[in-house]
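Listed below are the residues making up each chain.
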Amino acid sequence: MKKYNFNAGPSVLPEVVLQQAAKAIIDFDSTGLSLLSISHRTPEFEAVVEEAKSLMKELLGIPDNYKIYFVGGGASTQFFHIPANFLAKKAGYVHTGVWTKKAIKEAKFYGKVEVVASSEDRNFTYIPKGFEIPEDLDYLYICANNTIYGTEYKMDIDSPVPLIADMSSNILSRPIDVSKYAMIYGGAQKNLAPAGVSFVIIRDDMLEKVVRELPTMMNVNTHVENDSMFNTPPVFPIYVLRETLKWMKAEGGLEAIHRRNEEKAAMLYAEIDRNSLFRGTVEKEDRSSMNICFVMSEGKEELAAEFMTFAKDRGMVGIKGHRLVGGFRASCYNACPVEAVEALVKCMQDFEKRWV
């Protein structure tokens, strides 16, 4: 039976990328050595890192006054790296769910945190808008896509202070105006690679704004100045990240990727809205294209376990909602094929026919 992978992360990767990575595990770049046991200091692997940065710059249209580096660990590491480097007096955070809550907690170790806007009043079912951004902030922090609740910023906001965004789960899913951000970062395990590496895109002027003496590994300048090689980097995830970026370029770049993502999201949301057994959980204008969350309709909650079994029997993998919110979640990242969404829609339709 064919499996359809909707896991929220680690998530589905393109088949061609998996095949290339499998070959490299046996013989990396015709060196006769496994990718898992090469030195990261070899010219062949240094070329992988440089090509990955070049492709990311090309695909995102990153201006010349930005640096890119890769560093071990997930996005959670950046929760404290960011305030350690840049929080002197006060930082602003837009609170949109679990991940911003965790980031706020870490930032408070280093200085004052002002929650400038929050969607907690309605259980994080929308993205706050129209709020005032104080101009005395060291930076403003947002999470661009909220995997647990299924909300997403659809536009790049304007900020009078340096804007820092966690884009772990929607990086390279749509074109963005990088120039509006002082820093963009994320874990790779959604749209780019296996877990174990994070990417950082940082504007040059931020490198002059480190506010305190820090352990070497925590200082952003360490990783920029050493081209992601201060210590042994996560070689395998970076290689897969490079291959994924090559796949994106071959697919037509971000415009093509974005069109396909919007097609998938529109198809599944249309079925959620049509189907008498299901309903969406967030404001329609803020619905994520990456993490599509839904629950049983009111009065049909007792069918949830049965639908989960029904879907599993038809090859749906990873559609159980996060434990904090329940329900269902279909993560439709870049590499999730349209065919998978079509199969899930058909599954939902077939389940409805059993009860209506």
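Given the structure is predicted, the values throughout are model-derived calculations rather than measurements.

A. Examining the environment of Tyr93 more closely. Mapped onto the elements of the fold, Tyr93 is located in strand 3 (residues 90-95). A distance of 2.7 Å separates polar atoms of two side chains, one belonging to Tyr93 and the other to Tyr139.

B. Quick look at the packing of helix 2 (residues 43-60) against helix 6 (residues 235-250). One can describe the packing of helix 2 onto helix 6 by two numbers: an axis separation of 9 Å at closest approach and a directional angle of 40 degrees. With respect to each other, helix 2 and helix 6 are oriented oblique. Our pair here, helix 2 against helix 6, has a crossing hand that is left-handed. Note on element contacts: helix 6 touches helix 2 through Val235, Ile238, Tyr239, Leu241, Arg242, Leu245, Lys246, Met248 and Lys249, opposite Phe45, Val48, Val49, Glu51, Ala52, Leu55, Met56, Glu58 and Leu59.

C. Seen up close, the side chain of Thr151. Positionally, Thr151 belongs in strand 7 (residues 151-152). Once you skip the residues sitting within four places of it in the chain, Thr151 turns out to touch Phe124, Thr125, Tyr126, Ile127, Asn145, Asn146, Val282, Asp286 and Ser288.

D. A look at the sheet that holds strand 9 (residues 183-187). Here 7 strands make up an open sheet; going across it, the order is 2-10-9-8-5-3-4 and the pairing mixed. The open sheet has two free edges, formed respectively by strand 2 (66-72) and strand 4 (112-118), since each of these has just one partner strand. Across the sheet, the axes of successive neighbouring strands diverge by a mean angle of 20 degrees, strand direction being ignored. Looking at chain direction, strand 5 (residues 140-143) and strand 8 (residues 163-166) are connected through 4 bridges and run parallel.

E. Up close: the nonpolar core. Within the largest apolar cluster, 87 residues are counted, with the highest numbers of intra-cluster contacts made by Phe6, Leu192 and Phe307. Beyond its immediate stretch of four places on either side in the chain, Phe307 contacts Phe278, Phe294, Met296, Ile319, Phe328, Cys347, Met348 and Phe351. Within the second largest apolar cluster, 25 residues are counted, among which are Val71, Phe79, Tyr93 and Tyr141.

F. Quick peek at the pattern of salt bridges. Evaluated as defined, the whole model comprises 25 salt bridges. Between Glu243 and Lys246 there is a salt bridge, and its shortest N-O distance comes to 3.3 Å. Within this pair, Glu243 and its partner Lys246 are both found in helix 6, separated by 3 residues, close to a single helical turn. Overall, the relative accessible area of 8% leaves Glu243 in the buried class. Judged by relative accessible area, which is 34%, Lys246 ranks as partly exposed. Via salt bridges that share partners, Glu51, Arg242, Glu243 and Lys246 belong to a single interconnected network.

G. Looking closely at the sheet that holds strand 12 (residues 291-296). Strand order in the open sheet formed by 3 strands is 11-12-14, and the pairing between neighbours is antiparallel. Strand pairing shows two members of the sheet lacking a second neighbour, strand 11 (278-280) and strand 14 (328-331), which therefore form its edges. Across the sheet, the axes of successive neighbouring strands diverge by a mean angle of 35 degrees, strand direction being ignored. Of the strand pairs in this sheet, strand 11 and strand 12 are connected by 3 bridges, and their pairing is antiparallel.

H. Structural detail: helix 3 (residues 75-86). Between its terminal C-alpha atoms helix 3 stretches 17 Å, which fits the 16 Å expected from 12 residues at 1.5 Å a residue. Counting buried positions over the 12 residues of helix 3 gives 9, a clear majority of the element. Within helix 3, the full set of buried residues consists of Ala75, Gln78, Phe79, His81, Ile82, Pro83, Ala84, Asn85 and Phe86.

I. Representation of unusual backbone geometry. Of note, the bond from Gly9 into Pro10 is cis; its omega dihedral lies within 30 degrees of zero at -5 degrees. Looking at the element boundaries, Pro10 is found in the loop between strand 1 (4-5) and helix 1 (15-26). Residue Asn123 is not a glycine yet carries a positive backbone phi of 55 degrees. Inspection of the secondary structure puts Asn123 in the loop between strand 4 and strand 5.

J. Broad picture of the packing of helix 1 against helix 6. For the pair helix 1 and helix 6, interaxial distance at closest approach is 9 Å and the crossing angle is 140 degrees. Judged on the interaxial angle alone, helix 6 and helix 1 are oblique. Handedness of the crossing formed by helix 1 with helix 6: right-handed. Two secondary-structure elements touch here, helix 1 through Val16, Val17, Gln20, Ala21, Ala24 and Ile25 and helix 6 through Phe236, Tyr239, Val240, Glu243, Thr244 and Trp247. Within the contact of helix 1 with helix 6, the residues separate by chemical class into 9 nonpolar, 2 polar and 1 charged.

K. Molecular detail of a positive patch on the surface. Together, Lys101, Lys102, Lys105 and Arg323 give the surface a local cluster of positive charge. In this structure Arg323 comes out as exposed when scored by relative accessible area, which is 75%.

Analysis parameters
- Residues numbered from 1 in each chain as written.
- Predicted model: local features only at pLDDT ≥ 70, side-chain atom pairs only at ≥ 80, totals over all residues.
- Heavy atoms only, no water.
- Helix = DSSP H or I, 4+ residues; strand = E, 2+ residues; numbered from the N terminus.
- Polar contact = N/O pair within 3.5 Å; in protein donor to acceptor, adjacent residues only side chain to side chain.
- Axes fitted to C-alpha atoms, helices over the stretch in contact; angles between N-to-C directions.
- Parallel < 35°, antiparallel > 145°, perpendicular 65-115°, else oblique.
- Left-handed = near helix turned anticlockwise from the far one by under 90°.
- Contact = heavy atoms within 4.5 Å.
- Pairing = 2+ DSSP bridges.
- Core = buried A, V, L, I, M, F, W, Y, C linked by side-chain atoms within 4.5 Å.
- Buried < 20%, exposed > 50% of the residue type's maximum accessible area, 1.4 Å probe, protein only.
- Salt bridge = Lys/Arg side-chain N within 4 Å of Asp/Glu carboxyl O.
- Expected span 1.5 Å × (residues − 1).
- Nonpolar A, V, L, I, M, F, W, Y, C, P; charged D, E, K, R; others polar.
- Patch = residues over 30% accessible without salt bridge, like charges linked within 9 Å, V, L, I, M, F, W, Y side chains within 5 Å.
- Areas by Shrake-Rupley, 256 points an atom, 1.4 Å probe, with all protein chains shown as cover.
- Lys, Arg positive; Asp, Glu negative; His and termini not counted.
- Charge placed at Lys NZ, Arg CZ, Asp CG, Glu CD.

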